[in-house]
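# Fold and contact review
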Amino acid sequence: MKKILAAVLTAVMFCLSSCLYSGGSVDSLLHPPRLNDEQNDIWLALKRTIQSDTIKLVYPLRGENRSAIILQNLDGEPSEEAVVFYQPSSSSTASTPIRMNILDKVDGQWQSMHDIVLEGTQVEDVTILNVGTGVPLLALGLSYAGDGGNSLLKVIGFDGSLLSTLFSQYCQAKIIGDLTVGGTDDCLLIQSRGEEEGLGSRAVFFQWEDGTYTEQAFTILNPEVTRYGNLYDGYLRNGTRAVYLDCYKGTELMTTEILSLQVSQSGAELENLTYDSETMTSVGIDRPAGISCYDLSRDGVIEIPGQRLMPGYEEGETGAIYLTDWYHYADGEFVRQLSAYVSSSLGYLLQFPEKWVNHVSVRRTTQQNEILFYEHQRGSDPVKNELLYLKVDSRRNWEQKEANSDYELIDTRGQLVYLAKIPKTDSPLRITIAQVKEYFSQMI
C-alpha cells in the first residue's frame, strides 16, 4: 500500500530550483491572506476603537489557526466573538508587544469589548481548547522575537464581560490535544528543571481540573538535548498512548525521545522510555538535523527516522547521499519498518523495496532535478545496472515534451510534475512503473 508522507521536513518545495517556478517572486507568496468581508468589518471597527488608521495585523507563526482575525464563540452564546492580534503600526518594531482585542456584535455592529497587551512580540500559535465545559478557551503561545528560549503558554477565558487568564506557564516546547483520548484537551509542556533539580529539562503532563490546568505527572528528559522541535502524540505498538519528542543535540544532530502516558483512576503516569535518569543512560537513533518523525502508515504509531550512507559513499564525503530508515519502538528496542530515499529539496520520498536495501544506491545526474537509482557494485564503475530515473520538472515542459519524451508521469503537484523512466535491464532488482507509483510519495 502506498504510504503518504506529509509535513515531515521543513523547507520542502520552496527549495526547488528557480527554473521550476514562474509565478512571481517568493515574497509574493508570503504576503498575508486577504481579509474577507466579515474580517474587514472587524478590522474597521478596531481602527475606530483605537482611533488609528494604521494597524499592523499579527499572524500566528504556526498551527491550525493562522489568521490574525479569528471568529469563535467564546462565551457560549449563539453569536461568535472576534479575536484580533495586532500592533499599532506607528510603534511597531521587533520589540513592540502584541495586543489582543476581543470584539462582539451589538445591534449588528462590531464593538470592542476588551483590549489587552500580551507578553511577547510574536504569536507562535493559537489553539481553541475544549475542556469539557461546553465553552471554548483560547490557548496562546507567545514569545519574544529573537529569543530562542522559553515561550509562554497562556490560557484565556471570556464569559461575555470578563476576560480571565486561567493558566500561564513558560515552556521550551508543548503539545496540546486530547492526549489521553478522554474527550477533552490536555497539554504536555517541556520545561527547564530548577537549579536544585539538576541540568536539563522535564516533561510535565497537565489536565483540566477545577478551572485550570493542574500538573498530573512528569518525567526527566535527556540532558544531552539542547532544544526541542516538534512533539507528536500517538501510540506505541502495544496500544499505549505516547508522546514523541523530536530533539536537537547541538546544531547538526537530532534524536527522538519517547514518553509513554497512562492515566487510570489512581492517577497519571508519564515515563521516558528512551532515557533513564537514575542510570543516566539513553537509547535512541541519532540522525542529521532536518528530518522529523511521522506517522507514515496513518495508524497512530509514529515512525522514527534514522539515516545511513547509500552504498558507495563514505562519511564526510562531499555530496554523500543517505538512505532513511524508519523505525518503531517496541519492547525496549527500535525495529526497522521500511527504508526510503528522501529528497527534501525536491519534495518526494521513494520507499525502497526490500530487495533494494544494501544493493541499490543513488546519484545525481547531469540533468537538473534528476536522480538515478542503480544496482551498486564495487570497483571503478559503481553502476552495475541502471534501474530508475526520477525527475521533477515544470508542467509546461512536460506538456511540451521537452526532453521528457521517454519519461512517464507518476504524479503532479500544482505546476510541478514527477516523472519516471525505467531503463531496459535484466537485473533481478528491476521494478515496474506500477511499483514506482506505489513506492512514490510527495512530501507537503
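Quick summary incoming for the structure in this document. The numbers attached to residues start from 1 for each chain and follow its sequence in the written order. Per-residue local features are limited, in this predicted model, to residues with pLDDT of at least 70; the limit for side-chain atom pairs, both in listing and counting, is 80 or more; totals at the level of whole chains, interfaces and linings are taken over all residues. Side-chain metrics rest on all non-hydrogen atoms present in the structure, leaving aside hydrogens and water.

On to the packing of aromatic side chains, then. For any pair of aromatic rings, geometry is given as the distance between the ring centres together with the angle between the planes. Stacked, tilted and edge-to-face pairs are distinguished by plane angle, under 30 degrees for stacked and over 60 for edge-to-face with tilted covering the rest, among Phe, Tyr and Trp rings (Trp via its six-membered ring) whose centres lie within 6.5 Å. Applying the stated criterion across every chain, the model contains twelve aromatic pairs. When the centroid spacing of 6.2 Å and the interplanar angle of 65 degrees are considered together, the rings of Phe352 and Phe373 count as edge-to-face. Of the two residues, Phe352 sits in the loop between β24 (348–351) and β25 (360–364) while Phe373 sits in strand β26 (residues 370–376), which places them 21 residues apart along the sequence. Overall, Phe352 belongs to the buried group, its relative accessible area being 2%. Relative accessible area decides the class of each residue, using a 1.4 Å probe on protein chains only: under 20% of the type maximum gives buried, over 50% gives exposed, and in between gives partly exposed. Residue classification places Phe373 among the buried positions, given a relative accessible area of 0%. By the criteria applied, helices consist of DSSP H or I runs no shorter than four residues and strands consist of E runs no shorter than two, each listed in order from the N terminus.

Take helix α2 (residues 37–50) next. The span expected for a helix works out to 1.5 Å for each residue beyond the first. The terminal C-alpha atoms of α2, which comprises 14 residues, lie 20 Å apart, in line with the 20 Å expected from a rise of 1.5 Å per residue. Within α2 the residues assigned to the buried category are Gln39, Ile42, Ala45, Leu46 and Lys47. If you follow the buried residues of α2, they end up packed against β1 (55–57), β2 (69–72), β3 (81–88), β4 (99–106) and β5 (109–117). We call two N or O atoms a polar contact when they sit within 3.5 Å, provided that within protein one can donate a hydrogen and the other can accept it, with sequence-adjacent residues counted only if both atoms are side-chain atoms. One side-chain oxygen of the residue at the start of α2 lies 3.2 Å from the amide nitrogen of Glu38, identifying that residue as Asn36. Remark: Gln51 follows α2 within two positions and exhibits a positive phi of approximately 55 degrees. Contacts are residue-level and defined by heavy atoms, with any inter-residue pair within 4.5 Å sufficient.

Here strand β27 (residues 383–394) lies mainly inside the structure; nine of its twelve residues are buried. Any two strands with at least two DSSP bridges between them are considered paired. The sheet contact formed by β26 and β27 spans seven bridges and is antiparallel. Bridging from a neighbouring strand, Glu375 pairs with Asn385 of β27. Here β26 folds back onto β27, and the loop between the two strands holds six residues, one of which, Gly379, carries a positive phi near 120 degrees. Summarising the sheet, β27 and strand β29 (residues 416–421) pair through six bridges and their orientation is antiparallel. In the strand pairing of β29, Leu390 is matched with Ala420.

We now examine the environment of Gly141. With respect to the helices and strands, Gly141 occurs in strand β7 (residues 137–143). Residues Gly141 and Cys171, 30 residues apart in the sequence, show an inter-C-alpha distance of 9.6 Å. With near-sequence residues (within four places) excluded, Gly141 lies in contact with Gln122, Val123, Glu124, Asp125, Leu152 and Lys174.

Attention shifts here to the side chain of Arg202. Take Arg202: it is sitting in strand β12 (residues 201–209). On the basis of relative accessible area, Arg202 is assigned to the buried category, the value being 14%. At 3.4 Å, the side chain of Arg202 forms a polar contact with the side chain of Glu215.

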